Amino acid sequence: MTYQEINEKITRTGVVPVIKLNHPRRDAGPLARALCAGGVPVAEVTFRAAGAAEAIRIMSEERPEMLVGAGTVLTAAQADEALSAGAKFIVTPGLDVDLAAHCLERGAAVYPGCTTPTDYHAALKLGLEVLKFFPAEQSGGLAKIKAMSAPFPMFKVMPTGGISLENLGTYLACPVVAACGGSYMVTANLIDNQRWDEITELCRRSVEIVGEVRKNG
Ligand code: 3PG
């Protein structure tokens, strides 16, 4: 998939579940099915848990239509591990220019966490079009996103950090926002207790909100 196609799929879906799997072999398959059943065929599997690469491989095989990426990628070695496992995109918490360039050289989409004018300058040099805005709520939320888009109107953002069903619609209504990332539909409690139906239902409600905002926008 090209960078543009990945951006489009993320934008079309509107939400990106941020997933930490403690038991990838047990949970990755059912989770992939639960997300797709709820209309969210996108997942960011974080390297905060061991076995992230294995989870990426299982989810991609279980649901080939899914766009599976890696999150909390801190090193080029982790990026390589994720890409070898089938990750289509790499999310990094901050902007490490060398790491982002490494991902681009390997043909992967990369979404670095950016919240400052300095970050945006560097992202522009890298040729990026969509940035993770992280941590969104703690960094000034929508007000900051809008202020940043005045000098940098070329970027769309993926706010992540503090997103919930309550504020999802408000974020998505902002034309600068491509999609929102979040763990609210895939919390540790839901995953560890294998509450797949609830995950599907939270995804379905999220997709409903995406639909409503886009219909009115
Ligand atoms: C991330 O790594 O992207 C965030 O921790 C997700 O933030 P949330 O748990 O507030 O959704």
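It should be noted that the structure appears before, not after, this text.
Source: prediction; values computed, not measured.

K.L.:
Explain the packing of helix H2 (residues 24-37) against helix H10 (residues 196-216) to me, please; I cannot follow it from the model alone.
P.N.:
Geometrically, a packed helix pair is captured by the angle between its two axes and the distance between the axes. One way to put it is that H2 packs onto H10 with a least axis distance of 7 Å and a crossing angle of 35°. For the pair H2 and H10, the crossing hand works out as right-handed. Here H2 contributes Asp27, Pro30, Leu31, Ala34, Leu35 and Ala37 to the contact with H10, which in turn contributes Trp196, Ile199, Thr200 and Cys203. Split by residue class, the contact of H2 with H10 holds 8 nonpolar, 1 polar and 1 charged.

K.L.:
What is the right way to read the site of the ligand from this model?
P.N.:
In the neighbourhood of the ligand, the contacting residues comprise Val18, Arg48, Lys132, Phe134, Thr160, Gly161, Gly162, Gly182 and Ser183. In the model, an oxygen atom of the ligand is placed 2.8 Å from a nitrogen or oxygen of the Lys132 side chain. A distance of 2.6 Å separates an oxygen atom of the ligand from a polar side-chain atom of Ser183. Out of a free accessible area of 320 Å², the ligand has 79% covered by protein chains. Along the lines of polarity and charge, the residues of the shell around the ligand split into 2 nonpolar, 5 polar and 2 charged.

Cut-offs and rules
- Residues numbered from 1 in each chain as written.
- Predicted model: local features only at pLDDT ≥ 70, side-chain atom pairs only at ≥ 80, totals over all residues.
- Heavy atoms only, no water.
- Axes fitted to C-alpha atoms, helices over the stretch in contact; angles between N-to-C directions.
- Helix = DSSP H or I, 4+ residues; strand = E, 2+ residues; numbered from the N terminus.
- Left-handed = near helix turned anticlockwise from the far one by under 90°.
- Contact = heavy atoms within 4.5 Å.
- Nonpolar A, V, L, I, M, F, W, Y, C, P; charged D, E, K, R; others polar.
- Near = heavy atom within 4 Å.
- Polar contact = N/O pair within 3.5 Å; in protein donor to acceptor, adjacent residues only side chain to side chain.
- Areas by Shrake-Rupley, 256 points an atom, 1.4 Å probe, with all protein chains shown as cover.

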